[in-house]
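These are the residues of each chain, in order.
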Amino acid sequence: MIHEILPVGVLQCNCSIFGDEQSREAIVIDPGDNIDQILTALARYSLRVKAIVITHAHIDHIGGAAKLKAATGAPVYMNANDQPLYDDLEIQASWLGMEPPGRTSIDSDAREGGSLKLGNTEFQILETPGHTQGSISLWIPEENKLIAGDTLFRDSIGRTDLPGGDGRQILRSIHNKLLTLPEDAAVIPGHGPNTTIGREKERNPFLA
Ligand SMILES: [Zn+2]
């Protein structure tokens, strides 16, 4: 499995590109910005985008979705509970002093129990609300990897002081859905360095 992590945009959101060597199909997660750079990486591996997955509707994660969908034709997956946040994309842009990026329609509601397939590899959708009401994580058992969005970081957790945030809910999500995964599972957070479930269980000061 090809896996490239590209930090994109002013807030350096970790955009993940997963590619299947056999079918040359790809899943792109959180194309927040720098779509040209993402398209260059896809072309380098001769990958065709099958799905665009958004972990939550903050602009640094979803800002480039419209442009990437226009360039690839791939459907966009997002949890419907974040639709109100996506509807406020212009307001989010104004917080960051940015020009509002284009907007697109969401093609599929990413729900708990749902999954996407890339070759023989399954990407399982976990609903992990708290950072936002529609925050999801993706668990990839065959790769022993978790895409955590802005729910869990190395030594930290997602902020809950923005609209839709809930401090108790994010802790419930992390304890019930994420810390139950294998200790040696790699965690790719929405920002910053990778970690493991075991390391965060042991050392994350917000989970003590
Ligand atoms: Zn966020």
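Our subject in this report is the structure included herewith. The structure displayed is predicted, hence computed values, not measured ones. (Residues numbered from 1 in each chain as written. Predicted model: local features only at pLDDT ≥ 70, side-chain atom pairs only at ≥ 80, totals over all residues. Heavy atoms only, no water.)

For His56, the position within the fold is in the loop between strand 4 (48-53) and helix 2 (59-62). Only 3.3 Å separates the side chain of His56 from the side chain of His131, close enough to count as a polar contact. Every residue in contact with His56, bar those within four places of it in the chain, is listed here: Asp30, His61, Ile62, Asp82, His131, Thr132, Ser135 and Asp150. (Helix = DSSP H or I, 4+ residues; strand = E, 2+ residues; numbered from the N terminus. Polar contact = N/O pair within 3.5 Å; in protein donor to acceptor, adjacent residues only side chain to side chain. Contact = heavy atoms within 4.5 Å.)

Buried residues dominate strand 10 (residues 145-149), accounting for five of its five residues. Of the two faces of strand 10, the one lined by Lys145, Ile147 and Gly149 and the one lined by Leu146 and Ala148 are each fully buried. The sheet contact formed by strand 9 (residues 136-140) and strand 10 spans three bridges and is antiparallel. Bridge assignment links Trp139 to a residue of strand 10, and that residue is Leu146. Hairpin connection between strand 9 and strand 10: a loop of four residues separates the two successive antiparallel strands, and Asn144 in this loop has a positive phi of roughly 55°. (Buried < 20%, exposed > 50% of the residue type's maximum accessible area, 1.4 Å probe, protein only. Pairing = 2+ DSSP bridges.)

Turning next to the coordination of the zinc ion. Donor atoms from the polypeptide that bind the zinc ion are His56 (NE2), His58 (ND1), His131 (NE2) and Asp150 (OD), placed at 2.2 to 2.4 Å. Considering all four donor atoms around the zinc ion, angles at the metal cover 84 to 173° and the coordination shape is irregular. When the donors of the zinc ion are listed by position in the chain, the intervening gaps give H-x1-H-x72-H-x18-D. Here His56 is found in the loop between strand 4 and helix 2, whereas its partner His131 is found in the loop between strand 8 (121-127) and strand 9, with 75 residues between them in sequence. Residue His56 is classed as buried on the basis of its relative accessible area of 1%. Residue His131 is classed as buried on the basis of its relative accessible area of 3%. (Donors = N, O, S within 2.8 Å, 3.2 Å for Na, K, Ca; no water. Tetrahedral: all angles 85-135°; square planar, octahedral: opposite > 155°, others 65-115°.)

Within this structure, the stated rule accounts for one cavity of 30 Å³ or more. Every residue lining the largest cavity is listed: Asn14, Ser16, Ile29, Asp30, Thr55, Ile147, Gly149, Ile188, Pro189 and Gly190. Counting residues per element, the ones that place at least two in the lining of the largest cavity are strand 2 (13-19), strand 10 and strand 13 (186-189). Across the lining of the largest cavity, the residue classes tally to four nonpolar, five polar and one charged. (1 Å grid on protein atoms, 1.4 Å probe; cavity = no way out; pocket = protein on both sides within 12 Å on 5 of 7 lines; lining within 4 Å. Points joined across faces, edges and corners; volume = space filled by probe spheres on them. Nonpolar A, V, L, I, M, F, W, Y, C, P; charged D, E, K, R; others polar.)

Any link to function would need more than the numbers given here.
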